[in-house]
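Examination of the molecular architecture
Here is what each chain is made of, one letter per residue.
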Amino acid sequence: MSVLPTRHRTVAVRGHQIAYREAGPADAPVLLLLHGFPTSSHMFRDLIPPLAGEGYRLIAPDHLGFGRSDAPTAAEFDYTFAELAALTAEFTEALGLDRYALYIQDYGAPIGLRLALAHPERVTAIVTQNGNAYTDGLGAEAWAPVLALIENRTPETEAPVRAIRSLDGIRWQYETGVPAEYRELLSPDAWHHDAALMAREGQDGIQLGLIADYGSNFDLYPAFQEYFRTSGVPLLAVWGEGDQVFVPAGAEAFRRDLPDAEIHLLPTGHFALETHAPQIAELIGDFLKRHVRK
């Protein structure tokens, strides 16, 4: 397997600079990688080069408010999942992407699946890595403070949710559910990188607004599931089975609507690429060879 370099680029969308990573031949089939909270395209740093070397074009944007993309305040931009999805659709159009497979993780799942609802003809396949579309996948303890905020946003319900983006809260997401034999594969740089970006001015309003809006994704779960049934889209789930945010039942649930979905539970946590990037790259490469025409 050859390894191709990753380029770091930006493009203007609605006057906002959207940062993205890109690698692979310009005329190759596209895999659009959509990251989750609280990270950025940084989470794909070990996955992009080998898949690009397999002959795919990898494109990984930082959502507005995340990573190296612009981060207008919550007063300047309406931070909802509908708006982030609309902005992502405009991003794909700015790059001329009319056909792509999706890699969805955490926040990337409702964003990517909204793209699929709007333009199912553009989506060739889906790779979901702890990217949820079923209530089965919601870990009860992890979601309790978020559900309380969604139900009633007050200073009292904001406080425990605010702690999720602290250094300790972010580190918990990386370490929880990772077996002892894989702990040394976790790079502390990852959670320190995320925490530094989450500590920037204006992030409190951005992140609280998005978390408070997460209920809008639950409302779309039936539509996402109907899309799976009617499209029969090829789907690969590579899931950290120790994840307490999106638990393994969320991976297994895809087979209800996509009986041929491929499900792989890996011995790791929420950020499975931190410990199992080579294995995930191999699974994705095999999946794309079978389902995405070059």
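Above: the structure in question.
Okay, so let's go over this structure.

Rules of the game
Residues numbered from 1 in each chain as written. Predicted model: local features only at pLDDT ≥ 70, side-chain atom pairs only at ≥ 80, totals over all residues. Heavy atoms only, no water. Helix = DSSP H or I, 4+ residues; strand = E, 2+ residues; numbered from the N terminus. Rg over C-alpha atoms; globule rule 2.2 N^0.38 Å. Buried < 20%, exposed > 50% of the residue type's maximum accessible area, 1.4 Å probe, protein only. Contact = heavy atoms within 4.5 Å. Lys, Arg positive; Asp, Glu negative; His and termini not counted. Charge placed at Lys NZ, Arg CZ, Asp CG, Glu CD. Expected span 1.5 Å × (residues − 1). Arc of directions from axis to C-beta. Pairing = 2+ DSSP bridges. Right-handed = clockwise from strand over helix to strand, strands pointing away. Core = buried A, V, L, I, M, F, W, Y, C linked by side-chain atoms within 4.5 Å. Salt bridge = Lys/Arg side-chain N within 4 Å of Asp/Glu carboxyl O. Axes fitted to C-alpha atoms, helices over the stretch in contact; angles between N-to-C directions. Left-handed = near helix turned anticlockwise from the far one by under 90°. Nonpolar A, V, L, I, M, F, W, Y, C, P; charged D, E, K, R; others polar.

1. Section: the overall build of the protein
In terms of regular secondary structure, the protein is built from twelve helices and eight strands. Against the 2.2 N^0.38 benchmark of 19 Å for 294 residues, the protein shows a C-alpha radius of gyration of 18 Å, consistent with a compact globule. Seen through its principal axes, the protein has C-alpha atoms that stretch 50 × 40 × 40 Å. Taking all 294 residues of the protein together, 58% fall into the buried category. Expressed as a percentage of contacts within the protein between residues at least 6 apart in sequence, the contacts between residues at least 24 apart total 77%. Computed over 23 positive and 39 negative side-chain charges, the inter-centroid distance for the protein is 6 Å.

2. Regarding helix α4 (residues 140-151)
Over its twelve residues, α4 runs 15 Å from end to end, which matches the ideal 16 Å to within 8%, given 1.5 Å per residue. Buried residues of α4: Trp143, Val146 and Leu149, and no others. Down the axis of α4, the sector holding all buried residues measures 110°, keeping them to one side. Of the exposed residues in α4, the ones pointing more than 90 degrees away from its buried face are Ala140, Glu141 and Glu151.

3. A few points about the pairing of strand β4 (residues 57-61)
Counting buried positions along β4 gives five out of five residues, so the element sits mostly inside the fold. Residues Arg57, Ile59 and Pro61 of β4 are buried on one face, and the alternating residues Leu58 and Ala60, pointing to the opposite face, are buried as well. For strand β2 (residues 16-23) and β4, the ladder comprises four bridges, and the chain directions are antiparallel. In the sheet register, alanine 23 faces β4, and the bridge partner there is leucine 58. When strand β3 (residues 30-34) meets β4, the two strands line up parallel, connected through three bridges. Directly across from valine 30, in β4, lies its bridge partner arginine 57. Of the crossover connections in this fold, the one passing from β3 over helix α1 (residues 48-53) to the parallel β4 is right-handed.

4. A few points about the environment of glutamate 90
Locating glutamate 90 in the fold gives a position in helix α2 (residues 81-94). Between the alpha carbons of glutamate 90 and valine 123 there is a distance of 15 Å; along the sequence they are 33 residues apart. Leave out the neighbours within four places in its chain, and glutamate 90 touches Val13 and Arg14.

5. Points about the nonpolar core
Core analysis: the largest hydrophobic core is formed by 69 residues, its most contacted members being Phe91, Leu102, Ile126, Phe228 and Phe254. In terms of residue count, α2 provides more of this core than any other element does, six residues in total. Those residues in contact with phenylalanine 228, other than ones at most four positions away along the chain, are Leu113, Ile126, Ala133, Tyr134, Val233, Leu235, Phe254, Asp257 and Leu258. Leu51, Ala125, Leu236 and Val238 belong to the second largest nonpolar core, which has 28 residues in total.

6. Some remarks on the pattern of salt bridges
Should the charged atoms of two oppositely charged side chains come close, the side chains can pair. Here the structure, examined in full by the defined rule, presents 18 salt bridges. Of the charged contacts in the structure, one is a salt bridge between glutamate 175 and arginine 171, with a shortest N-O distance of 3.0 Å. Taken together, the positions of glutamate 175 and arginine 171, both in helix α6 (residues 167-175) and four residues apart, correspond to about one turn of that helix. As a salt-bridge pair, arginine 229 and aspartate 257 come within 2.7 Å of each other at their nearest N and O atoms.

7. A look at the packing of α4 against helix α5 (residues 155-162)
At a minimum axis distance of 9 Å, the contact between α4 and α5 shows a crossing angle of 145°. Seen along the crossing, α4 lies across α5 with a hand that is left-handed. On α5, the residues that touch Pro145, Val146, Ala148 and Leu149 of α4 are Thr157, Glu158, Pro160 and Val161. Of the residues assigned to the contact of α4 with α5, the class counts are six nonpolar, one polar and one charged.

8. Quick word on unusual backbone geometry
In this chain, phenylalanine 37 is followed by proline 38 through a cis amide linkage whose omega measures 0°. Of note, proline 38 is situated in the loop between β3 and α1. Look at aspartate 106: it is not a glycine, yet its phi comes out positive at around 50°. Positionally, aspartate 106 belongs in the loop between β5 (100-104) and α3 (108-118).

So yeah, pure geometry; function would need other evidence.
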